[in-house]
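Here's the letter readout for the chains.
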Amino acid sequence: MTTIQNLEQIATQVRRDVIRMTADALSGHPGGSLGCADFLTALYFEILQHKPERFTIDGRGQDMFFLSNGHISPIWYSVLARSGYFPVNELSTFRKLGSRLQGHPTNASGLSGVRVASGSLGQGLSVACGAALAKKINGDPHLVYSLHGDGELQEGQIWEAAMFAASKKIDNLISTVDWNNQQIDGTVDSVISLGNLAAKWESFGWTVLHMQGNDMADVLRELGKAKSMTGKAKPVIILMKTEMGQGVDFMQGTNAWHGKVTNSEQTKRALRQLEETLGDY
Amino acid sequence: MTKKYIPTGNKDTRSGFGAGLLEAGKLNSNIMGLCADLTDSVKMGDFAKAFPDRFIQCGISEMNMIGVAAGLALSGKIPVASTFAMFATGHVYDQIRQSVAYSNHNVKICASHAGITLGEDGATHQIMEDIGLMKMLPNMVVINPCDYNQTKAATMAVMEYVGPVYLRFGRPVVPVFTPDDQVFKIGTAIKMIEGSDVSIFVTGHLVWEALQAAEKLETEGIHIEVINIHTIKPLDVVAILKSVVKTRAVVTAEEHMRNGGLGDSIAQLLALEQLAPIEMVAVDDKFGESGKPKELMDVYGLNAENIIAATKRVLKRKNK
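Residues numbered from 1 in each chain as written. Chains lettered and ligands numbered in written order. Predicted model: local features only at pLDDT ≥ 70, side-chain atom pairs only at ≥ 80, totals over all residues. Heavy atoms only, no water.

Brief notes about the overall build of chain B
Cut-off, in case you're wondering: The way it works is that DSSP assigns letters per residue, a run of H or I at least four long becomes a helix, a run of E at least two long becomes a strand, and they are numbered from the N terminus. We compute the radius of gyration over the C-alpha atoms and compare it with the globule rule, which gives 2.2 Å times the number of residues raised to the power 0.38. Only heavy atoms matter for contacts: two residues are in contact if any of them lie within 4.5 Å across the pair. The Shrake-Rupley method, run with a 1.4 Å probe, gives the accessible areas here. Residue values count only the displayed protein chains as cover. Just so you know, the count uses Lys and Arg for positive and Asp and Glu for negative, and it drops His and the chain ends. We put the charge of a Lys on NZ, of an Arg on CZ, of an Asp on CG and of a Glu on CD.
The secondary structure content of chain B amounts to twelve helices and 14 strands. Against the globule reference of 20 Å for 320 residues, chain B gives a C-alpha radius of gyration of 19 Å, in line with a compact fold. Structurally, chain B occupies a C-alpha span of about 60 × 40 × 35 Å along its principal axes. For chain B, long-range pairs separated by at least 24 residues make up 80% of all intrachain contacts whose partners lie at least 6 apart in sequence. A total of about 12,000 Å² of accessible surface is found on chain B, and carbon and sulfur atoms cover 53% of it. Looking at chain B, you have 32 positive and 35 negative side-chain charges, and the mean spots of the two groups are 4 Å apart.

Written out as structure tokens, the structure is:
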């Protein structure tokens, strides 16, 4: 099996996890989670230099990842568990009383893999900048990654951080935007248009890359390219085109499933489209 | 006889922060200074000059500054994020709440120009809600020292403490009356004057005013106990209750809104543990305005005269 085939199999399983976790919790955010499944799978199973069994908050000697759009927690939790950060069975506790898998991610619950709370949007890029700066100060050559929603870019703090990262030449940072053009109230274009997004980031002083986020080969290619662009005095942003709900036909390409979960009949239909490749939790 | 405090000079508490930060910075290379275009105003300039590699100019982007501080803190650094109290709390409440307090990261938010004594800039900059905002956050320690020496000592102490801290200090030049060699203990109140008639729980710039009030009241035969509550959270419950059991009457004084301030914390404690009449010297649900610090303290009733009046009111209630 090739690397790509292997990753695609994992991506199918984590999509299953997302459907099952959110359906079971009767709440959560499956749409954006499904769209980012390929990217997060590639990141955690192929790209990141990390030791899940030796997770530390300070991330010394490892790559670090920050999920700024915390509402897609189900896909992150699934990828974290499947890559060895915590027992896969714990996915069944998602959003339930006493769980470490809170609705939105937090390190307060002591969940391995999470370094800061996220959910209130716009904050993760600043935190990632701080962590990347610390790596530079400490002489740690590892990289810092972050993921953001496209709607999240409507938050002003993102652009504060964008100016900051370029101004401070934070070139050990690779940030990605999940550009699915969907948010709760409609398309991003119709709510508050991002305009010429590539030109915005370029003018803020970032190296801009483009990725087809639901094409595993392209995800690997662009993440590889992004790594090769680090260390050149500029932060790197990947504008990642995805489809919300990718992988389940009736959930694809709409914002309807942003924060809505499948009922039992829909869950069955969805799971029929997602092969159980690694064994359900 | 009431213990007498003789000022050794006059200085601003923000300079105490600057001196403490410089000294702490020499002792611990993990300490980093973050500022938002107010480096000299908050007295971070000496640290920035001494440790240029550990100083991060964040520009007028306070939200980002708090996030960067959280990222540095989780990486093992001790970030000191400093700007005016208005921008260090009100402007960035959610950033502090999510990335610092809830995440329990070791960020020190050191805020200058707190309260009405910011003066001429007026109400937009005179935050008097910051103690309330910060004390409501779980994990957050809230400290409001009274003079230059205490602010310096507090600054050094908070660097040793692991966890989020809000340290509040101010702009005006005020008497220096606490020892320059003091060891600051977070959460341990300081009994400035022993007394038996009324307990005065006081914080920040008002401590000096309370000492003046004590002297005046002494001449009238009223013996007040002045306790400096430099740490508003965690509150020194033991020291407070011990004093209240003795005096059975309380006055609180602070350069802050009554809602959410020290007085409100003390009133809550008394209601739960030890009922006693209480009077509060604080700003009563009003915004500030432009003026000289001293003028404003008088207009808003944040002075020795008002502490004396409150003491007499509470004594009447006690003796009813």
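What about the confidence of the model for chain B?
As a reminder, the rule being used: Per-residue confidence from the prediction method is given by pLDDT, with values spanning 0 to 100.
Looking at chain B as a whole, the pLDDT averages 97, with 100% of positions reaching at least 70. Under the prediction, the complex receives an ipTM of 0.97, its pTM being 0.97.

Observations regarding the sheet that holds strand S6 (residues 207-212) of chain A
Two pairing modes exist for strands in a sheet, parallel and antiparallel, and in both the strands are linked by backbone hydrogen bonds. Residues and elements named next belong to chain A. Rules: Whether two strands pair comes down to DSSP finding at least two bridges between them. Orientation is described by lines fitted to C-alpha atoms, with helices fitted over the stretch in contact, and by angles between N-to-C directions that extend from 0 to 180 degrees.
Reading across the sheet, the five strands line up as S1-S2-S3-S7-S6 and stay open at both edges, with parallel pairing between neighbours. This sheet does not close on itself; its edge strands, each paired only once, are strand S1 (64-67) and S6. Looking at each pair of strands side by side, their axes are set apart by 20° on average, direction ignored. Alignment of S1 against strand S2 (residues 144-149), held across four bridges, turns out to be parallel.

Let's talk about the packing of helix H1 (residues 3-25) of chain A against helix H3 (residues 37-47) of chain A
Two measures define how a pair of helices packs: the angle their axes make with one another and the distance between the axes. Residue and element names in this part refer to chain A. Applied cut-off: For this classification, under 35 degrees means roughly parallel, over 145 means roughly antiparallel, 65 to 115 means roughly perpendicular, and everything else is oblique. The hand of a helix crossing depends on one turn: near helix anticlockwise from the far one by less than a right angle means left-handed, and clockwise means right-handed. Just so you know the grouping, Ala, Val, Leu, Ile, Met, Phe, Trp, Tyr, Cys and Pro go in nonpolar, Asp, Glu, Lys and Arg go in charged, and all remaining residues, Gly too, go in polar.
At a minimum axis distance of 9 Å, the contact between H1 and H3 shows a crossing angle of 120°. Considered as vectors, H1 and H3 are oriented oblique to each other. The handedness of the crossing between H1 and H3 comes out as right-handed. Together, Thr3, Leu7, Ile10, Ala11, Val14 and Arg15 of H1 and Ala37, Asp38, Thr41, Ala42, Phe45 and Glu46 of H3 make up the contact between the two elements. Each residue belonging to the contact of H1 with H3 can be placed in one class, and the counts come to seven nonpolar, two polar and three charged.

With respect to the sheet that holds strand S2 (residues 31-35) of chain B
Residue and element names in this part refer to chain B. Read across the sheet, seven strands follow the order S3-S2-S4-S5-S7-S6-S12 without closing on themselves; strand pairing throughout is mixed. The two strands at the open ends of the sheet, each matched to only one other strand, are strand S3 (55-57) and strand S12 (231-233). Here the average twist between neighbouring strands, direction ignored, is 20°. Alignment of S2 against strand S4 (residues 78-84), held across five bridges, turns out to be parallel.

Some words on the packing of aromatic side chains
Residues and elements named next belong to chain A. To be explicit about the condition: Pairing of aromatic side chains requires ring centres within 6.5 Å, counting the rings of Phe and Tyr and the six-membered ring of Trp. Pairs whose planes differ by under 30 degrees are stacked, by over 60 edge-to-face, and all others tilted. Exposure classes here rest on a 1.4 Å probe applied to the protein chains alone. A residue is buried below 20% of its type maximum, exposed above 50%, and partly exposed in between. Working rule: Lys NZ or Arg CZ, within 6 Å of ring centre, within 35 degrees of ring normal, means a charge sits over the ring.
This structure, assessed with the given rule, holds 14 aromatic pairs over all chains. Both rings, one in Trp201 and one in Trp206, keep their centres 4.9 Å apart while their planes meet at 70°; by these two values the pair is edge-to-face. Each of the two residues, Trp201 as well as Trp206, counts as buried. By way of ring pairs, the aromatic residues Tyr44, Phe55, Phe65, Trp76 and Tyr85 are connected into one cluster. Positioned above the aromatic ring of Tyr281, the side-chain terminus of Arg20 is 4.3 Å from the ring centre. Taking the ring centre of Trp179 as reference, the NZ or CZ of Lys241 above it sits at 3.9 Å.

What to know about the side chain of Arg54(B)
Residues and elements named next belong to chain B. Filter applied, for reference: For salt bridges, the criterion is a side-chain nitrogen of Lys or Arg within 4 Å of an Asp or Glu carboxyl oxygen. In protein, a polar contact means a hydrogen-donor-capable atom and an acceptor-capable atom, both N or O and within 3.5 Å, with residues adjacent in sequence counting only if both atoms are side-chain atoms; elsewhere, any N or O pair within 3.5 Å suffices.
Here Arg54 shows up in the loop between helix H2 (45-50) and S3. With no salt bridge to any partner, buried Arg54 finds its closest opposite charge in Asp53, at an N-O distance of 8.4 Å. Reaching out from Arg54, the side chain makes a polar contact with the backbone oxygen of Gly25 at a distance of 2.8 Å. There is a polar contact of 3.3 Å between the side chain of Arg54 and the backbone oxygen of Ser29. Excluding its chain neighbours within four sequence positions, the residues that come into contact with Arg54 are Gly25, Asn28, Ser29, Ile31, Met32, Gly33 and Phe47.

Describing helix H1 (residues 13-27) of chain B
Spelled out, the test is: By this rule, a helix spans an expected 1.5 Å times one less than how many residues it contains.
Taking 1.5 Å as the rise per residue, H1(B) with 15 residues should run 21 Å; its terminal C-alpha atoms sit 21 Å apart, in good agreement. Those residues of H1(B) that fall on the buried side of the exposure criterion are Thr13(B), Arg14(B), Gly16(B), Phe17(B), Gly18(B), Gly20(B), Leu21(B), Leu22(B), Ala24(B) and Gly25(B).

Observations regarding the interface of chain A and chain B
Our working definition: Note on definitions: buried area is the accessible-area loss of two parts on being combined, 1.4 Å probe, summed for both.
Between chain A and chain B, the residue contacts involve 31 residues of the former and 24 residues of the latter. In total, chain A and chain B occlude about 2,100 Å² of area from one another, counting both sides; carbon and sulfur atoms represent 54% of this. Its largest share of buried area at the contact with chain B, chain A owes to Gln123(A), Glu160(A) and Phe164(A), together 23% of the area lost on that side. Where chain A meets chain B, there are zero salt bridges. The interface formed by chain A and chain B includes 16 residue pairs in polar contact (both at pLDDT 80 or more). Elements with a minimum of two residues in the side of chain A that touches chain B: S1, helix H5 (124-138) and helix H6 (156-167) of chain A. A class-by-class count of the residues in the side of chain A that touches chain B yields 14 nonpolar, twelve polar and five charged.

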